[in-house]
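Here is how the chains run, residue by residue.
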Amino acid sequence: MSEEHLKKDPEKEKMKVKSIKKMKEIMTAYYIDAKTAAQNGKKVAWITSGGPVEPLIVMDAIPVYPENHGAMIGASKMGVDLCEKAEDMGYCRDICSYARSDIAASTVNGGPIGGLPAPDFLVCCNNICGTVLKWYEVQARYYKVPLFIFDTPFCHTEFSSEARKYVRSQIDEYIKFLEVVCGKKFDMDKMKEVGRLSLQGQRLWQDVLDTTMNKPAPMSAFDAFFHLALIVTLRGTQTAVDYYTMLLEEMKERAAQKIGAVPNERYRLLWDNLPVWFKTKWLSDKFASYDACLVADTYTSAWCGSLEYLDENDFLGSMVEGYTRIYLNIGVDEMLKIIKKMIKKYDVDGIVMHSNRSCKPYSLGQYDIMKSLQRDTGLPSLMIEADMVDERAWSESQIETRIDAFMEIIKQKKG
Amino acid sequence: MNTIRQFHDVINDSDGYARRLKNDSGKKILGYFCSYTPEEIIHAAGIHPLRLFGTRSAIAHADAHLQAYSCSLVRGVLEEALAGRLEFLDGAVFPHTCDSIQRLSDIWRLNLKFSFHSDVVLPVKLDTSSARQYMGDVLRKFKRELEMDLGLSITDAQLSKSIKTFNTIKRALGKIYRLRSANPGLIAGADVYALVKSAMIMDRADAAEKLTAVADQLEKTKAAGADSGKRIVLSGGLCDHADIYSIIEKSGGAVVWDDLCTGSRYFEGLVSEGGDPIEALADRFTERVVCPAKHSSITARGDGIVGIAKEHRASGVIFLLLKFCDPHSFDYPYMKEMLDREGVPSMLMEIEQDLPSEGQLSTRFEAFIEMLR
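The rules behind these values
Residues numbered from 1 in each chain as written. Chains lettered and ligands numbered in written order. Predicted model: local features only at pLDDT ≥ 70, side-chain atom pairs only at ≥ 80, totals over all residues. Heavy atoms only, no water. Pairing = 2+ DSSP bridges. Helix = DSSP H or I, 4+ residues; strand = E, 2+ residues; numbered from the N terminus. Axes fitted to C-alpha atoms, helices over the stretch in contact; angles between N-to-C directions. Contact = heavy atoms within 4.5 Å. Buried area = accessible area lost by both parts, 1.4 Å probe. Salt bridge = Lys/Arg side-chain N within 4 Å of Asp/Glu carboxyl O. Polar contact = N/O pair within 3.5 Å; in protein donor to acceptor, adjacent residues only side chain to side chain. Buried < 20%, exposed > 50% of the residue type's maximum accessible area, 1.4 Å probe, protein only. Right-handed = clockwise from strand over helix to strand, strands pointing away. Parallel < 35°, antiparallel > 145°, perpendicular 65-115°, else oblique. Left-handed = near helix turned anticlockwise from the far one by under 90°. Nonpolar A, V, L, I, M, F, W, Y, C, P; charged D, E, K, R; others polar. Phe/Tyr/Trp six-rings, centres within 6.5 Å; stacked < 30°, edge-to-face > 60°. Lys NZ or Arg CZ within 6 Å of the ring centre and 35° of its normal.

Novice: Got a minute to help me understand the sheet that holds strand S5 (residues 267-272) of chain A in this structure?
Specialist: Backbone hydrogen bonds hold the strands of a sheet together, and the pairing may be parallel or antiparallel. Residue and element names in this part refer to chain A. Strand order in the open sheet formed by four strands is S6-S5-S7-S8, with parallel pairing between adjacent strands. The sheet is open, and its two borders are formed by strand S6 (292-297) and strand S8 (381-386), each paired with just one other strand. Taken over all neighbouring pairs, the strand axes of this sheet differ in orientation by 30° on average, direction set aside. With four bridges connecting them, S5 and strand S7 (residues 350-356) associate as parallel partners. The residue bridging Trp-271 from the neighbouring strand is Val-352, located in S7. In this fold helix H13 (residues 280-288) packs onto S5, S6, S7 and S8, with an angle of close to 125° to the strand it touches most, S6.

Novice: In this structure, what is going on with the interface of chain B and chain A? I would like to understand it.
Specialist: Where interface size is given, it is often the accessible area lost as the parts come together that is meant. Across the boundary between the two partners, chain B contributes 48 residues, which contact 55 residues of chain A. When chain B packs against chain A, the two sides together hide about 4,400 Å² of surface, and 57% of this comes from carbon and sulfur. Summed over the shared surface of chain B and chain A, the result is eight salt bridges. On inspection of chain B and its partner chain A, the count reaches 29 residue pairs in polar contact (both at pLDDT 80 or more). Counting residues per element, the ones that place at least two in the side of chain B that touches chain A are helix H5 (99-111), helix H6 (129-150) and helix H14 (326-341) of chain B. Looking at the side of chain B that touches chain A, the element that brings in the most residues is H5(B), giving 10 residues.

Novice: What should I look at first to understand the pairing of strand S1 (residues 29-32) of chain B in this one?
Specialist: In summary, the side chains of a regular strand alternate between the two faces of the sheet. Residue and element names in this part refer to chain B. Neither face of S1 is open: one carries Ile-29 and Gly-31, the other Leu-30 and Tyr-32, and all of them are buried. The pairing of S1 with strand S2 (residues 48-51) spans four bridges and is parallel. Looking at the pairing, Tyr-32 lines up with Arg-51 of S2. The parallel pair S1 and S2, bridged by helix H3 (residues 39-44), forms a crossover whose chirality is right-handed. In terms of strand pairing, S1 meets strand S3 (residues 91-95) through three bridges, oriented parallel. Counterpart to Leu-30 in the pairing with S3 is Gly-91.

Novice: Mind showing me how you'd approach the packing of helix H7 (residues 156-182) of chain B against helix H9 (residues 204-220) of chain B here?
Specialist: Residue and element names in this part refer to chain B. Between H7 and H9, the shortest axis-to-axis distance is 8 Å and the interhelical angle comes to 25°. As judged from the angle between their axes, H7 and H9 are roughly parallel. Note that H7 runs across H9; the crossing there is left-handed. Contacts between H7 and H9 pair Thr-165, Phe-166, Thr-168, Ile-169, Ala-172, Leu-173, Lys-175, Ile-176 and Leu-179 from the former with Arg-204, Ala-205, Ala-207, Ala-208, Leu-211, Thr-212, Val-214, Ala-215, Asp-216, Leu-218 and Glu-219 from the latter. When its residues are assigned to classes, the contact of H7 with H9 shows 13 nonpolar, three polar and four charged.

Novice: Please explain the environment of Arg313(B) as it appears in this structure.
Specialist: Here Arg313(B) is to be found in the loop between helix H13 (300-311) and strand S7 (316-322). With 36 residues separating them along the chain, Arg313(B) and Met349(B) place their C-alpha atoms 21 Å apart.

Novice: Explain the packing of helix H3 (residues 19-35) of chain A against helix H11 (residues 221-233) of chain A here, please?
Specialist: Angle between the axes and distance between the axes: these two values describe a pair of packed helices. All names here are of chain A. Taken N-terminus to C-terminus, the directions of H3 and H11 make an angle of 40°; their axes are 10 Å apart at the nearest point. As far as their axial angle goes, H11 and H3 are oblique. Handedness of the H3/H11 crossing: left-handed. In this structure, H3 uses Ile-20, Met-23, Lys-24, Ile-26, Met-27 and Tyr-30 to contact H11, whose residues at the interface are Phe-226, His-227, Ala-229, Leu-230 and Thr-233.

Novice: Even after reading the chapter, I still don't get the packing of aromatic side chains, so can you show me in this structure?
Specialist: Where two aromatic rings form a pair, the distance of their centres and the angle of their planes describe that pair. Enumeration over the complete set of coordinates arrives at 32 aromatic pairs over all chains. Within the aromatic cluster, the residues linked to one another by ring pairs are Phe222(A), Phe225(A), Trp271(A), Trp277(A), Tyr299(A) and Trp303(A). The side chain of Arg180(B) reaches across the aromatic face of Tyr177(B), ending 4.8 Å from its centre. Here Lys294(B) stacks its cationic end above the ring of Tyr36(B), 5.6 Å away from the centre of that ring.

Novice: Mind showing me how you'd approach unusual backbone geometry here?
Specialist: Negative phi is the rule for most residues except glycine; trans is the rule for most peptide bonds. All names here are of chain A. Cis peptide bonds are those with omega within 30 degrees of zero, and the linkage from Lys-215 to Pro-216 qualifies with 0°. Summarising the element assignment, Pro-216 is placed in the loop between helix H10 (188-210) and H11. Positive phi values are uncommon outside glycine, yet Asp-60 reaches one of about 65°. In this fold, Asp-60 is placed in the loop between helix H4 (54-58) and strand S2 (62-64). Although it is not a glycine, Lys-258 sits at a positive phi angle of roughly 60°. One can find Lys-258 in the loop between helix H12 (238-256) and S5.

Novice: Mind showing me how you'd approach the pattern of salt bridges here?
Specialist: Side-chain pairs of opposite charge can arise where the charged atoms are in close proximity. On inspection of all chains with the given rule, the structure shows 68 salt bridges over all chains. A salt bridge links Lys165(A) to Asp137(B); the shortest N-O distance between them is 3.0 Å. Residue Lys165(A) is located in helix H9 (residues 161-182), and its partner Asp137(B) is located in helix H6; the two belong to separate chains. The salt bridge involving Arg341(B) is made with Glu337(B); its shortest N-O contact spans 3.3 Å. Of this pair, Arg341(B) and Glu337(B) both sit in helix H14, four residues apart, which is roughly one turn of that helix.

Here it is in structure tokens:
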């Protein structure tokens, strides 16, 4: 890639997303709140990214996401140092780098915000992986706090009635657990309101993501990775609803004015798996240098992917299906169906798969997905071997060569 | 012991054994991957449950489906199936354990055309009454699936009979383990390995009879000479290497017990022989020694290994962990720490299907065993 491609374009500067400033303010305020929770008599709950956060909001507990923390550590390139610390503690280099960096950060208050506030209790939902169970067990031992496991049976091809009954009973157990650890009664009326806001937020987030159906796409997956923070951390709050309302307006405006995330957008790509947090800028620039925009991804849409199962009038009850049938808790063929829908919806020319050493539920099966896509749609695909946080798994020259070759194929196909 | 030769013959050619069993008995065979498989239900249906291990062959086919950071068990079993070496199987059963087995099930289902495929999605936590209820529900669901797909019915009487057969196997293995712990010179580690592995491969009625005979015979045998080896406990997922045992012995150690999926976790905890058989199976799965992919308390596995080390007066613990096995890797640091606190030294050995050279292994084991008191 030539130097010119990497230089900042003044036109592009003008077209920067304005909501970013607001987002940063909200996230800063949120972390200040979380860090001063104890002084304000509030409880801090650590929860997994795909976990049922709404009941926590009802209880006025502040949800904190170690995975979000992992992403920040990765983005600020502090991952290797923390991962190595975890390895010194005896954790194998092959396990999830979010977990490694979080476990190490706890012991040294490391990372870009000087560590997360200590939890009063932990909520672990295994709908994203089995790793979170082990990770939260480590933290429950370290902080000596109660751990609630919200067990969402894996749905290879079906969501069984047995699983439904089991998950339903856990919602009652979850509420009882919260009443004990928070020392107050659960407010069902407030739950209705929080559920409504959660759904509203998820719909708005989907609408934001859908603005990339426009050509050119007003934002890219790289933008989505950033704006995702609120639907994860503040789902169920008015703050998230207001923010996404504003962001949606901005994106619609950009679309109307034909302002694209990538100037001269010519090729549209789909990203699969978590971002490579320490290389988002590099990857974004690299694809942009080919006039290629990553218009959609399977990752950020996971926080609104089960909207169809959620019911505004019975949020708690519908959480059973909404939280069990999420993208990572279904079979490879079910994932493939969703990808195929996205390919059509966003009209993409190729797919970029991040084979992420840290995430087996996401990565194992990608080869089969790739093969099926090639067979059924003829769509070119690229596999990048990397890791979301651990830079030692990144081989830049190899990845660059692969991207170059992949873009050549895309060019030849589309012209 | 002469009779132990037959068990080595079984494990040295488990595919051949399975083929002959199928030819001779006409039985269907279902492959399975972990000790949370409800073997008794399969067996009660007149089907032979066959545990699948990795492969000693080079990986040629599985690489097109699984990344290099998948464990050698998952890659190896898929390799065997894709290469057509498991053509005698009628299907496979996948209990939900780790993320890798979970995806192996998908890849298997999408690429292999066996007639039967079942996911037994067990609860991950085992310490609540709703999880216990779900455990029973899942086992009943699996029984229904077998009945519907294979057009048969499984009666409570058949289930109870199978439970008795498996209990006999578990009892015999437990007895052999206890005899060895009391007198480590009684039987070679590689022989015990062959007995346990055979129990997951052989016709179960046959295994029950033969293992009981071995246990009884061992009970009567006086060990040839006192044993001077340091008492070693193995901990990890599975150990599919007879060589490990003999190298440890040559290095001055004697394996006296283990916490392995292909060891004590397989046979510990009998299923109640009274009452509803499915409920009894659910109870055993809920109460048995926990695997790191399941949760019964935040210190269950650490308490478990400390308990084993104390009960069997271990001089040291060797953690044999399969490379890329996440659940075990997460548990290792705290289990080591708990052992340290009790003054039990431990070492970590990462293994794959292909072992490092014997020289390398001996050097490491010798260094460890020499420092043991």
